[in-house]
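For reference, the chains in residue letters:
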Amino acid sequence: MQAITKNFFLFLSNNKTLDRLAKQYGTRFGVDKLVGGETFSQAVPVIRQLNDEGLVVTVDHLGEFVDSEEEAKERAGEAVETVQAMFDHNLACEMSVKLTSLGLDISRELVIRNMERILDKAQALGITLQIDMEDSGRCQATIDVFKELRAKYPNVGLVIQSYLYRSDRDLDELDKYDPYVRLVKGAYKEPGTVAFQDKDMVDKNLKQLVKKHMLNGNYTAVGSHDEEVINFTKELAREHGISKDRFEFQMLYGMRNKLQHDLAKEGYTVRVYMPYGMEWYGYYMRRLAERPANIAFAVKGIFSR
Ligand code: FDA
């Protein structure tokens, strides 16, 4: 039953008509529990509140799969402004970006140019950017763009997903770039030809990747709400004398708030991934697919407005 629900919401996450309707009707259906605001300005007080509570943040301007050069350039311009605003507001905040929103599907040259605009500004202001990983068809292109940028910018990281068979090899290959990697399970619907279908395998592989990356001495972000994975990471660090400034935990805004605060009180860096913007539809559907409990507050949202 859970698999059917998951597949249903992953199917909906790709539906362009529903995406358009969602934008027309704005922030509804409990979306505000998972999204920081419709604009970065709206998100600023929410970020500040989290900072005051001892949590750091990474923001994601919602929107993916841009197919016009003009729009991709516009998105890059907005990202430059957001980086400046983060600095001006003195927020403990990084930025996460999806390369498809910056022209990955149009041309490599375009996406590199757009990323360079953002990274130049971010580097000057001491802000880090992390490249989210999208579906498996775009994995190689994303890694290639990362490698090209990493040769020039120390302030860029990326995401690797444990459901993909290739990820162990990718980490080996990336090691020489001394990369800041967020390790996650993976949120897209992928076929058995490229990804583990068995959740236990995905969980096990995440632990293996965390171990490899941390023991390689690379800064590691563990992007998971799974306490087993979190406890595994803490134990690994203790066992190998890895200090708390060499890794961090990352969780999505609105998920496992108590755990986020408990870890921060224990002295771990906890980064909250906060999406903002109007284009919340695909993001929201992927969260509903992951966790049936999220559906409960979505339904509550529909009836409480
Ligand atoms: P999973 O969903 O497997 O749950 C494991 C266990 O954790 C559950 O059984 C439950 O016990 C507990 N749990 C989970 N959520 C809970 C909740 N809300 N309340 C209470 N208990 C809960 N994906 C991707 O493909 N590309 C990307 O770039 C990113 N980026 C990213 C950033 C960050 C910061 C995070 C946290 C996640 C991503 N993801 C992602 C999504 C990721 O791939 C994955 O789909 C989700 O994190 C869900 O997997 P988990 O490891 O969190 O646990």
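Remember, predicted model here, so these are calculated numbers, not experimental data.

S.K.: Teacher, can you tell me more about the overall build of the protein here?
M.R.: What the protein contains, in helices and strands, is 12 helices and eight strands. Among the 305 residues that make up the protein, the fraction classed as buried is 52%. Of all intrachain contacts in the protein linking residues separated by at least 6 positions in sequence, the fraction that spans at least 24 positions is 74%. Accessible surface for the protein amounts to roughly 14,000 Å². Of this, 52% is attributable to carbon and sulfur atoms.

S.K.: Teacher, can you tell me more about the site of the ligand here?
M.R.: Not every one of the 24 residues close to the ligand is listed here, only the nearest: Gly186, Lys199, Ser224, His225 and Glu290. Between the ligand and the protein, one listed contact pairs a nitrogen atom with a side-chain N or O atom of Arg182 at 3.1 Å. Within the backbone of Gly186, a nitrogen or oxygen atom sits 2.6 Å from an oxygen atom of the ligand. For the ligand, whose accessible area on its own is 950 Å², the fraction buried by protein is 82%. The element contributing the most residues to the shell around the ligand is strand 7 (residues 247-252), with three residues. Across the shell around the ligand, the residue classes tally to nine nonpolar, six polar and nine charged.

S.K.: What is the right way to read the UniProt feature "binding site: substrate" (unreviewed entry) in the protein from this model?
M.R.: Mapped onto this structure's residue numbering, the UniProt feature "binding site: substrate" (unreviewed entry) falls at Lys98, Arg286 and Arg287. Discounting chain neighbours no more than four positions away, the residues touching Lys98 are Asp60, Gly63, Glu64, Asp132, Glu134, Tyr188, Tyr273 and Arg286. Take Arg286: it is sitting in helix 11 (residues 281-290). According to the relative accessible area criterion, Arg286 is buried, its value standing at 5%.

S.K.: I'm lost on the nonpolar core in this one. Help?
M.R.: Side chains that are nonpolar tend, in soluble globular proteins, to be buried together. Residues Phe40, Ile47, Val59, Met115, Ile118, Ile131 and Leu149 are the most contacted members of the largest nonpolar core, which totals 75 residues. Element by element, the count of residues in this core is highest for helix 5 (residues 108-125), at seven residues.

S.K.: What am I meant to see in unusual backbone geometry here?
M.R.: For residues besides glycine, phi is generally negative; the peptide bonds are generally trans as well. Residue Asn90 is not a glycine yet carries a positive backbone phi of 55°. Relative to the assigned elements, Asn90 resides in the loop between helix 4 (69-88) and strand 2 (93-97). Asn90 gets classed as exposed once you look at its relative accessible area, which sits at 67%. At Asp178, a position not held by glycine, the phi torsion is positive, near 50°. Residue placement: Asp178 occurs in the loop between helix 7 (167-174) and strand 5 (181-184). We classify Asp178 as partly exposed; its relative accessible area is 46%.

Rules behind the numbers
Residues numbered from 1 in each chain as written. Predicted model: local features only at pLDDT ≥ 70, side-chain atom pairs only at ≥ 80, totals over all residues. Heavy atoms only, no water. Helix = DSSP H or I, 4+ residues; strand = E, 2+ residues; numbered from the N terminus. Buried < 20%, exposed > 50% of the residue type's maximum accessible area, 1.4 Å probe, protein only. Contact = heavy atoms within 4.5 Å. Areas by Shrake-Rupley, 256 points an atom, 1.4 Å probe, with all protein chains shown as cover. Near = heavy atom within 4 Å. Polar contact = N/O pair within 3.5 Å; in protein donor to acceptor, adjacent residues only side chain to side chain. Nonpolar A, V, L, I, M, F, W, Y, C, P; charged D, E, K, R; others polar. UniProt positions renumbered as here; feature names shortened; annotations may be inferred. Core = buried A, V, L, I, M, F, W, Y, C linked by side-chain atoms within 4.5 Å.

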